[in-house]
Amino acid sequence: MKVYYYNRNYGDFMKVLMKPIEMIAWFTQDGLPTPVRFRMEQPNGSYIVIKVARTIARQEEKLAGNPMITFTCQSIVHGMERLYEIRYELKTCKWYVYKI
Amino acid sequence: MGTKNRIIFHIDVNSAYLSWEAAYRLQHGATLDLRTIPSAVGGDATTRHGIILAKSIPTKPYKIQTGESLYSARLKCPNLTVVPPRYHLYMQCSKALVSLLEEFSPSIQRFSIDEVFLDYSNMDIHWGDPIDAAHRIKDRIKEELGFTVNIGVSSNKLLAKMASDFEKPDRVHTLFPHEIQGKMWPLPVEELFMVGRATTSKLHKKGIFTIGQLAISDPELLTQWLKSHGRLIWQLANGLEDSPIREDYPVKGLGNSATLPFDAEDRETSHRALLSLTETVAMRLRDIRKFAGVLSISIKDRDFQSYSHQRKLEVPTHSTNILYGIACELFDELWQGQPLRHLGVRASQLHRDDLYQLSFFKGDIERQKALDTAVDKIRAQYGCDSVMRSSFLYSGLSPMMGGVIQEEEYPMMSSLL
């Protein structure tokens, strides 16, 4: 099986999606969230469940005064190793797939 | 502190509503930056709030004015992108701006939702040269919050405010007293703070067209002619102003007004609209723990003629029911039967609410107070729409009207605070 790596440095390969997702996350005692597993609707209406294999980076920002945490994560999706970004919007408690 | 070594910054968000919307959209995955195309924030034309609230810089060649109707703006610029307003977002952005600025100085005055004064006097010990610091603040806001600001640097609030208005966007300008002649005096007189439309036309008639011409006029003649306002604008034209940064600005009055989704043609509908506005005004009064001493109402009819009427209350109050009763009396005295598109309710001469005169003739104030307290508590916990008067059912009117706020000191702010 061929494994494709989408390196972070080649962020252009990732498409901006900003699609809301259903998330199971793990929060530490200090309140640090980490994504664990999420379910995303696909264009054909079916759902795909993705287990977050690795969280590589987390970055906080507050554009427009709206705090968000962006996680760079890695998983096997459809048999391929994929790098993608998910976002957690603190005020609404919503999770999004930002880029994939 | 001597005025000599005061350093004041005026931070002004460039096309605030539009920039905030653009930053929010980019954060939520939009690929197009509204600031790079002709775009505007506009009200909803179907509920007759269709005016331009803010516009992007690329609309400049089309000469679209803030406040003009969406219809005429679209005639001038057919490819104009119009987005709806989002007042909670603006409040959130404004708060984020203030909390970032608080890192630089303890002395900050929020002048309006998108304008802040910051006292930088003696702060150079911590942050270095004022101009450098202003650039740093500007760049941090751009990077962290995603919108651009203009910063005016000077030795008083007026000059700082004039300076931030020079060239936009994303700039730092200075206007120190020795620069007034070169930078401020050539400007048209209507650019000066406190010179509005009425004063401008008066000044034009006397041949005063620039701020410089006003500044070299005889202050005595101006005082005789325009009374105290004449002296004030003469002082401002000469850059003379030394008001302190007010961190806690006393609220002098507060009010709400709204354009109705349809013309109110009968007394009952108008009263209901007044009730809706009074609900909001009275709740805000109770929130800041003040009684209204004077209540005024304003109406605007179908032909855009405005009228207003006010009364000093025998017993100051913040009770919704009592204020509503007075608003209705004022309305009945004022209204001539014409269809109305816009109504407003305003409270002023505010008093503390912990002492009040009991009255033999005005019913049981304590009971009203208990009712208002209970309603406020329910609304605070379960939202403003959790409790409403049944007269608003199927009326087409919102039970609490007045989203954007008219207030003297905090233009367009506090109903969201």
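Description of the structure in this document.

Tallying secondary structure elements over chain A gives zero helices and seven strands in all. Across the 100 residues that make up chain A, the buried fraction comes to 42%. For chain A, long-range pairs separated by at least 24 residues make up 38% of all intrachain contacts whose partners lie at least 6 apart in sequence. Entry remark: accessible area of chain A is about 6200 Å², with carbon and sulfur atoms responsible for 51%.

All names here are of chain B. Here helix α10 (residues 219-237) spans only 11 Å end to end across 19 residues, well under the 27 Å set by a 1.5 Å rise per residue. Turning to α10, its buried residues number three or more, namely Pro219, Leu222, Leu226, Gly230, Ile233, Trp234, Leu236 and Ala237. Immediately downstream of α10, the backbone of Gly239 shows phi near 75°, a positive value.

Applying the stated criterion across every chain, the model contains 15 aromatic pairs over all chains. Taking the centre distance of 6.5 Å and the plane angle of 35° together, the rings of Tyr17 of chain B and Trp20 of chain B count as tilted. Linking Tyr17 of chain B with Trp20 of chain B, this pair stays in helix α1 (residues 16-27), spanning three residues, or about one helical turn. Owing to a relative accessible area of 7%, Tyr17 of chain B belongs among the buried residues under this scheme. Given a relative accessible area of 0%, Trp20 of chain B falls into the buried group. Between Tyr17 of chain B and Tyr87 of chain B, the aromatic rings sit 6.1 Å apart at their centres with planes inclined by 80°, giving edge-to-face as the arrangement. Of this pair, Tyr17 of chain B sits in helix α1 while Tyr87 of chain B sits in helix α3 (residues 87-101), and the two are 70 residues apart along the sequence. The exposure class assigned to Tyr87 of chain B is partly exposed, which follows from its relative accessible area of 23%. Joined through ring pairs, the aromatic side chains of Tyr17, Trp20, Tyr87, Tyr90 and Phe147 of chain B make up one cluster. Arg87 of chain A extends its terminal NZ or CZ atom over the ring of Tyr98 of chain A, reaching a point 3.8 Å from the ring centre. Over the face of the ring belonging to Phe117 of chain B we find Lys157 of chain B, whose NZ or CZ atom lies 5.3 Å from the ring centre.

Residues and elements named next belong to chain A. Overall, antiparallel pairing links the seven strands, which are arranged β3-β2-β1-β7-β6-β5-β4 in an open sheet. The strands lining the two open edges of the sheet, one partner per strand, are β3 (47-51) and β4 (54-61). For this sheet, the mean inter-axis angle between neighbouring strands, taken without regard to orientation, is 35°. The pairing of strand β5 (residues 68-77) with strand β6 (residues 80-89) spans 10 bridges and is classified as antiparallel.

Each partner contributes to the interface: chain A provides 14 residues, whereas chain B provides 14 residues. Summing both partners gives a buried area of about 1100 Å² for chain A against chain B, and 55% of it is carried by carbon and sulfur. When the area that chain A buries against chain B is broken down by residue, the three leading residues are Lys62, Leu63 and Ala64 of chain A, summing to 51%. The interface formed by chain A and chain B includes one salt bridge.

Residues and elements named next belong to chain B. Spatially, β5-β6-β1-β7-β8 is the arrangement adopted by the five strands of the open sheet, whose pairing is mixed. Each having just a single partner strand, β5 (108-112) and β8 (172-174) make up the two edges of the open sheet. Direction aside, neighbouring strands of the sheet carry axes that sit 20° apart on average. Judged from the five bridges that link them, strand β1 (residues 8-13) and strand β6 (residues 115-119) form a sheet pairing that is antiparallel. Bridge assignment links His10 to a residue of β6, and that residue is Phe117. Lying over the sheet, helix α5 (residues 130-145) contacts β1, β7 (149-154) and β8, oriented at roughly 165° with respect to β7.

Residues and elements named next belong to chain B. The full count for this structure, using the stated rule, is 29 salt bridges over all chains. Linking Lys183 and Glu179 is a salt bridge whose minimum nitrogen-to-oxygen distance equals 3.1 Å. Judged by relative accessible area, which is 33%, Lys183 ranks as partly exposed. For the salt bridge of Arg379 with Glu279, the shortest nitrogen-to-oxygen distance reads 2.8 Å. Of this pair, Arg379 sits in helix α13 (residues 365-382) while Glu279 sits in helix α11 (residues 267-287), and the two are 100 residues apart along the sequence. A residue is classified by how much of its surface remains accessible, and Arg379, at 4% relative accessible area, is buried.

So, about the packing of α11 of chain B against α13 of chain B. Residue and element names in this part refer to chain B. Taken N-terminus to C-terminus, the directions of α11 and α13 make an angle of 95°; their axes are 11 Å apart at the nearest point. Viewed along their axes, α11 and α13 adopt a mutual orientation that is roughly perpendicular. Across the interface between the two elements, Glu279, Met283 and Arg286 of α11 pack against Asp372, Asp376 and Arg379 of α13. Class assignment of the residues belonging to the contact of α11 with α13 gives a composition of one nonpolar, no polar and five charged.

On to a nonpolar patch on the surface, then. Together, Ile24, Trp26 and Val36 of chain A make up a nonpolar patch on the protein surface, roughly 300 Å² of accessible area in all. Among the secondary structure elements, Ile24 of chain A is positioned in strand β1 (residues 16-27).

Another point: the nonpolar core. All names here are of chain B. Counting residues in hydrophobic clusters, the biggest one holds 44 residues, and the most contacted among them are Phe9, Ile11, Trp20, Leu101, Ile141, Phe147 and Ile151. Of all elements in the fold, only β1, α1, α3, β6, α5 and β7 reach the threshold of two or more residues within this core. Looking at this core, the element that brings in the most residues is α3, giving nine residues. Summarising the domain contributions, this core has at least three residues from each of domain 1 (3-16 + 88-180) and domain 2 (29-85). Listed in part, the 31 residues of the second largest apolar core include Ala258, Ile299, Leu313 and Phe392.

Another aspect to go through is the packing of helix α8 (residues 197-205) of chain B against α10 of chain B. Residue and element names in this part refer to chain B. Remark: α8 packs on α10, axes separated minimally by 13 Å, with the N-to-C direction vectors making an angle of 95°. On the basis of the axis angle, α8 is roughly perpendicular to α10. Every residue of α10 that contacts α8 at Thr199, Lys202 and Leu203 is listed here: Trp225, Leu226, His229 and Ile233.

Conventions and cut-offs
- Residues numbered from 1 in each chain as written.
- Chains lettered and ligands numbered in written order.
- Predicted model: local features only at pLDDT ≥ 70, side-chain atom pairs only at ≥ 80, totals over all residues.
- Heavy atoms only, no water.
- Helix = DSSP H or I, 4+ residues; strand = E, 2+ residues; numbered from the N terminus.
- Buried < 20%, exposed > 50% of the residue type's maximum accessible area, 1.4 Å probe, protein only.
- Contact = heavy atoms within 4.5 Å.
- Areas by Shrake-Rupley, 256 points an atom, 1.4 Å probe, with all protein chains shown as cover.
- Expected span 1.5 Å × (residues − 1).
- Phe/Tyr/Trp six-rings, centres within 6.5 Å; stacked < 30°, edge-to-face > 60°.
- Lys NZ or Arg CZ within 6 Å of the ring centre and 35° of its normal.
- Pairing = 2+ DSSP bridges.
- Axes fitted to C-alpha atoms, helices over the stretch in contact; angles between N-to-C directions.
- Buried area = accessible area lost by both parts, 1.4 Å probe.
- Salt bridge = Lys/Arg side-chain N within 4 Å of Asp/Glu carboxyl O.
- Parallel < 35°, antiparallel > 145°, perpendicular 65-115°, else oblique.
- Nonpolar A, V, L, I, M, F, W, Y, C, P; charged D, E, K, R; others polar.
- Patch = residues over 30% accessible without salt bridge, like charges linked within 9 Å, V, L, I, M, F, W, Y side chains within 5 Å.
- Core = buried A, V, L, I, M, F, W, Y, C linked by side-chain atoms within 4.5 Å.
- Domains from an automatic or database assignment.

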